[in-house]
Amino acid sequence: MHRLVPRSGHLNSAELFLKSRALTANSKTLAVNEAARESTQYDVVEKGAERGDELLHLRLYKNVSDNDVYLCNSYINAYLEKGDSVSARKLFDEMPQRNSVTWACVVSGYNRNGEHREALLLLRNMIREGVFSNPYAFASAFKACQELEDSVGKLFGRQLHSLMFKLSYAFNAVASNVLISMYWKSIGSLSSALRAFDDIGVKNSVSWNSIISVYSGAGDLRCAFKMFSSMQCDDGSRPTEYTFGTLVTAACSLTDVSLLKQIMCAIQKSGFLSDLFVGSGLVSAFAKSGSLSYAKEVFNQMETRNAVTLNGLMVGLVRQKRGEEATKLFMDMKGMIDVSPETYVNLLSSFPEYYLAEEVGLRKGREVHGHVVTTGLVDSMVGIGNGLVNMYAKCGSIDDARRVFCFMKEKDSVSWNSMITGLDQNGCFQEALERYQSMRRHDISPGSFALISSLSSCASLKWGKVGQQIHGESLRLGLDSNVSVSNALITLYAETGCINECRRIFSFMPEHDQVSWNSMIGALASSEGSVPEAVSCFMNALRAGQKLNRITFSSVLSAVSSLSFGELESQRLFSTGSFCFWKAKLRCIKLANHDHWFMINRLICAFVGSQDSRKCMSEDEESKLFRRHVCPKQSIEVDRAAKWWRLIPSLDRKYTRK
C-alpha cells in the first residue's frame, strides 16, 4: 500500500490541469474540476508523483467520456507543462480522435521541453495525416528548427516555409515572426529574413522587433534604426521594451555615446526608462562606453533594480579603474537587492583597481574570500574561483593565487588562463610555461590570453624554440590572426633576434593597433641595421592615422639618435640643417602633449646622441633650445637642470664659465 498524505507545496499535474485555460469553457468542466480538486489534496510520498498522476487520470476518465478531445488536449497540456512527455505521448497515442489543437499542443510542448527533433517528427506526421494545423504549430516547428542548428533543421525549415505559402500562412505574423529569427540565427541569411518580414500582411510589434534584432545582430545599425523609424510610423505597432533593449545593445558597439543619448531620450518619452530590462541595458551600455555620469543617472532613476543592473554599473567602474567606488556601490546595494554570484566576481575584480591595490585591495579581497568560503559560494560557481585567482595575482600575492587554483574543485579554460597570466605578470615566467604545458595535458584548449602570456614568458626568458612551438599551436587553433596574439609573437621574435619573422607576422596581420606599431617599431629600432626601417615604419604609422603614444616616440627617437642627418634626410623624415629636430619636436609635442617633459627629454637625448648634430646647430641655437624647454620660466629642480647641463657639453662649458 502506498500512503497518501496532504500535499506540501509540490506542483503536480492536477494543479497544472486546473490552470489549463481550456477547462473554462466546456460543459463538462464541473465534473472534471471536482475530480481534480479531490486528487490535489494528496501527494504520493513513497513513489513520487506518478501515483498521483494515475489517480487523477482515472478520476477524470470516470467523470467524462474518453472521446472528449477537449479534455484530452487540456490534459496533454498539463503533462507537457510539467515536463512529462512520456505520459503526454501515451495519452496522445490513445486518443481515437485528434484535431488541429491536439497536434499544436504536442508540437509546441515537445519543443518547450527541448525535444526538438521529436517535435518536427510529430509535425511531419500531422502533415501526412492531412491535418494542417493553425499557425502556432508552424511557429513551434520553426523554433525547433532554429534550436537544432544542423543541416536537418535548416532543410526542414525551408520546406515548411514553402508549405506556408501554399496554406497562406506566410502572411500570418505569428509564424513569420519566428521564421525571421530562424533564417538569421540558424541559417544566417539576412536576405531571407527580410523577405519573410516583407511577406507579412499585418505586422505587429513582434514583427518589427524581430527584424530590428536581425539588423542589429548583423551590425547594420543604419538599417536597424531605419526600421525603428518605420515602426514608429506604423499605426498598428508601437515600440516595446524589447525594441529599446535591442537598440541599446546595438549602440553599445559604437565608441560615440551620442546615439545612446538619443535612444535614452526616446526611452524617456516612451516611459520605459524605469523598466528593469531597458534600464539595466542602458546602465550597462553607458558604463561600458565610459559615460559613468549617464550610467549613474539612469541607475538612480530606476524604480526597481536587480543584480544585472548592479553588475553593469560595477563593470563600468572597474574598467575606469575606480575600484573603491565599485566596492562602495556594492556595499550600498547588497541589502536592497539579491546579489548574484556574478556580482561577487565583479567585486573581486574591483580590488586590483584600488589606489593601494597590494595593501588595501588585497586586504579587502581576503575578506571577500572568507565570506564566499563561509557561505559556500566559492563552490557554487567556477567564476568565483577564477575571480579569486585573478584578484590575488593582480594584487601581487601570487602564492595565494596558487593556493586558490590548487584547491578549486572544478577548473575551466578561464581558470588556467588566469593562473598563467598571473604567473607571467608576477615574473614567474618558467612556472607560467609549466602551467601552460599542464593545461595542454588536461586536454584544455588554450585561449588567446593563455597564448599571449605564454609567449610573453618565452620572450622574457628568450626561449625561442618553446615560443615557436606555441606559435605552431596558435596556427592550429586559428588564433594567429588575433591581433593581440600577433603582437605577442612580434615581441617574442624581436627579443630572440628573428627580425625577418617579425616582418612576416606584421605583414600578414589583418589589422594593426597601437601595440602592433609599437612592437614593430621597437623591434626594428633595437636591431642593428634596421634603424632606417624603424623610421620608415614610424612614418607609415603616421600616414595610417594611427594614434601613437610615448612608447612609439621613445623607440623612434632612440633609433634616430644613431643616425646622421644625411641618413635621416634619405628617410624623408627630417630636412637638413637645424630645422630637422625642431620638426621632430613639434610632432612629438603635438601628438604626445600629455607627457611634455618625457618627450622633450627623449628629443634632446636623441639630438645630442646624433652623429653630426653640432655641425648643423650653433651654440646660440643650442642655448635657445635648452633655455626654452629645459629651463622654462617656472622653477625646476636644480638637479634636473644639472643633469641637462652635463648632457650638453657645450652648454655645460658655457654656463660653468659664467
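It should be emphasised that the depicted structure is a prediction, and the values quoted were computed from it without experimental measurement. (Residues numbered from 1 in each chain as written. Predicted model: local features only at pLDDT ≥ 70, side-chain atom pairs only at ≥ 80, totals over all residues. Heavy atoms only, no water.)

1. Details of helix H18 (residues 307-319)
Let me state the cut-off plainly: Secondary structure elements follow DSSP: runs of H or I of four or more residues count as helices, runs of E of two or more count as strands, with numbering from the N terminus. An expected span of 1.5 Å times one less than the residue number is assigned to each helix. Categorising residues by exposure relies on relative accessible area from a 1.4 Å probe, with only protein chains included: less than 20% of the type maximum marks a residue as buried, more than 50% marks it as exposed, and the intermediate range marks it as partly exposed. As used in this structure description, the phrase polar contact means that two N or O atoms lie within 3.5 Å; if the pair is within protein, one of them must be able to donate a hydrogen and the other to accept it, and residues adjacent in sequence are counted only when both atoms belong to side chains.
When the terminal C-alpha atoms of H18 are compared, their 18 Å separation across 13 residues agrees well with the 18 Å that a helix rising 1.5 Å per residue should span. The buried fraction of H18 amounts to 10 of the 13 residues, a majority that puts the element mostly inside the structure. Among the residues making up H18, those that are buried are Ala307, Thr309, Leu310, Asn311, Gly312, Leu313, Met314, Gly316, Leu317 and Val318. Near the N-terminus of H18, the side chain that reaches the backbone nitrogen of Val308, with its oxygen 3.1 Å away, is that of Asn306.

2. Topic: the packing of helix H6 (residues 100-112) against helix H8 (residues 135-148)
In plain terms, the rule: Helix axes are fitted only over the stretch in contact, all axes being lines through C-alpha atoms; the angle between N-to-C directions runs from 0 to 180 degrees. Roughly parallel covers angles under 35 degrees, roughly antiparallel covers those over 145, roughly perpendicular covers 65 to 115, and oblique covers all other angles. The handedness criterion is simple: a crossing whose near helix is rotated anticlockwise from the far helix by less than a right angle is left-handed, and one whose near helix is rotated clockwise is right-handed. Contacts are assigned to residue pairs with any non-hydrogen atoms lying within 4.5 Å of each other.
Relative to each other, H6 and H8 sit at 25°, their axes nearing to 9 Å. With respect to H8, the element H6 is oriented roughly parallel. Between H6 and H8 lies a crossing of left-handed hand. Touching Ala104, Val107, Ser108 and Asn111 of H6 are Ala137, Ser140, Ala141, Lys143 and Ala144, all from H8.

3. Quick word on the packing of aromatic side chains
Let me state the cut-off plainly: Put simply, two rings from Phe, Tyr or Trp (the six-membered ring, in Trp's case) pair if the centres are within 6.5 Å, and we call them stacked under 30 degrees between planes, edge-to-face over 60, tilted for the rest. Comment: the charge-over-ring label is applied if NZ (Lys) or CZ (Arg) is within 6 Å of the ring centre and within 35 degrees of the ring normal.
Enumeration according to the criterion identifies 11 aromatic pairs in this entry. Measuring from centroid to centroid gives 4.4 Å for Tyr75 and Tyr79, while their planes differ by 70°, and the two rings are edge-to-face. One end of the pair is Tyr75 and the other is Tyr79, both in helix H4 (residues 69-81) and four residues apart, which spans about a single turn. For the residue pair Tyr75 and Tyr79, the accessibility class agrees, reading buried in each case. Ring geometry for Tyr242 and Phe277: centres 5.6 Å apart, planes at 45°, overall tilted. One end of the pair, Tyr242, is in helix H14 (residues 241-251); the other, Phe277, is in helix H16 (residues 276-288), with 35 residues separating them in the sequence. Overall, the relative accessible area of 45% leaves Phe277 in the partly exposed class. Clustering of aromatic rings is evident, with ring pairs tying together Phe228, Phe244 and Phe272. Between Lys411 and the ring centre of Phe405, over which it is positioned, the NZ or CZ distance is 5.0 Å.

4. Description of the packing of helix H26 (residues 429-441) against helix H27 (residues 448-461)
For any two helices packed against each other, the geometry comes down to the angle between their axes and how far apart the axes lie. It is the contact of H26 with H27, at a shortest axis distance of 9 Å, that shows an interaxial angle of 140°. By the angle between their axes, H26 is oblique relative to H27. For the pair H26 and H27, the sense of crossing is left-handed. In contact with Phe429, Gln430, Ala432, Leu433, Tyr436 and Met439 of H26, H27 contributes Ala450, Leu451, Ser454, Ser457, Cys458, Ser460 and Leu461.

5. Brief notes about the nonpolar core
Condition: The term nonpolar core refers to a set of buried residues drawn from Ala, Val, Leu, Ile, Met, Phe, Trp, Tyr and Cys, joined through side-chain atoms within 4.5 Å.
Grouped together as the largest cluster of nonpolar side chains are 153 residues, with contacts concentrated most on Ile76, Ile267 and Leu282. If sequence neighbours within four positions are ignored, Ile76 has contacts with Ala88, Leu91, Phe92, Met95, Thr102, Cys105 and Val106.

6. A few points about the confidence of the model for the chain
How we decide: One confidence number per residue, pLDDT, is output by the predictor and ranges from 0 to 100.
Per-residue pLDDT for the chain averages 77, and the proportion of residues at 70 or more is 74%. Low confidence marks residues 572-583, where pLDDT is under 50. Its contacts with residues over four positions away, or in another chain, come to 29 contacts. Taken as a whole, residues 629-658 scores under 50 in pLDDT and shows 47 contacts with residues more than four places along the chain or in a different chain.

7. Some words on the pattern of salt bridges
What counts is decided by this rule: Salt bridge, as used here: a side-chain nitrogen of Lys or Arg that lies within 4 Å of a carboxyl oxygen of Asp or Glu.
Enumeration over the complete set of coordinates arrives at 17 salt bridges. The shortest N-O distance in the salt bridge between Asp93 and Arg89 comes to 3.2 Å. Here Arg89 and Asp93 lie together in helix H5 (residues 85-94), a separation of four residues that amounts to about one turn. A salt bridge links Glu533 to Arg503, with the nearest nitrogen and oxygen atoms 2.9 Å apart. In this pair, Glu533 sits in helix H32 (residues 531-543) while Arg503 sits in helix H30 (residues 499-508), placing the two residues 30 residues apart along the sequence. Overall, Glu533 belongs to the partly exposed group, its relative accessible area being 32%. Accessibility expressed as a relative area gives 27% for Arg503, which makes it partly exposed. Salt bridges sharing partners connect three or more residues here, namely Asp399, Arg402, Glu431 and Arg435.

8. Concerning the side chain of Ser516
Take Ser516: it is sitting in helix H31 (residues 514-525). On the accessibility criterion, Ser516 (0% relative accessible area) is buried. A polar contact of 2.6 Å, which involves the side chain of Ser516, links it to the side chain of Asp513. For Ser516, the contacting residues outside a window of four places in its chain are Val483, Asn487, Phe506 and Met509.

9. Some thoughts on unusual backbone geometry
At Lys321, a residue that is not glycine, the phi angle is positive and equals roughly 60°. As for its placement among the helices and strands, Lys321 is situated in the loop between H18 and helix H19 (323-333). Of note, the phi angle at Asp443 is positive, near 60°, even though the residue is not glycine. Residue position: Asp443 is located in the loop between H26 and H27. Since its relative accessible area comes to 70%, Asp443 is described here as exposed.

10. A few points about helix H24 (residues 398-407)
When H24 is considered as a whole, its buried residues turn out to be Ile398, Asp400, Ala401, Arg402, Val404 and Phe405. Tucked into the core, H24 has its buried residues touching helix H21 (357-375), helix H23 (382-394), helix H25 (413-425) and H26.

11. Remarks on the side chain of Ser454
Structurally, Ser454 is set in helix H27. Look at Ser454 and you get buried, because its relative accessible area is 0%. Discounting residues that sit within four places of it in the chain, Ser454 has contacts with Ile420, Leu433, Tyr436 and Ile470.

12. Topic: the environment of Asp412
For Asp412, the location among the structural elements is in the loop between H24 and H25. Overall, the relative accessible area of 26% leaves Asp412 in the partly exposed class. Once the C-alpha coordinates of Asp412 and Met439 are considered, the two residues, 27 residues apart in sequence, prove to be 9.8 Å apart. Leave out the neighbours within four places in its chain, and Asp412 touches Val382 and Asn386. Within the local environment of Asp412, its side chain forms a polar contact with the side chain of Ser415, the two groups lying 2.8 Å apart.

13. Brief notes about the state of the cysteines
One way to say it: the disulfide is the covalent bond shared by the sulfur atoms of two cysteines. What counts, and what does not: Throughout, a disulfide means two cysteine sulfur atoms within 2.5 Å of one another.
Across all of its chains, the model carries zero disulfides by this definition. Among the cysteines around Cys498, which has no disulfide bond, Cys502 carries the closest sulfur, lying 7.3 Å off.

14. What to know about the environment of Met302
Assignment of secondary structure puts Met302 in the loop between helix H17 (292-301) and H18. Note: C-alpha distance between Met302 and Leu276 (26 residues apart in sequence) is 7.3 Å. Once residues lying within four places of it in the same chain are set aside, the contact partners of Met302 are Leu273, Asp275, Leu276, Gly279, Ser280, Val283 and Thr309.

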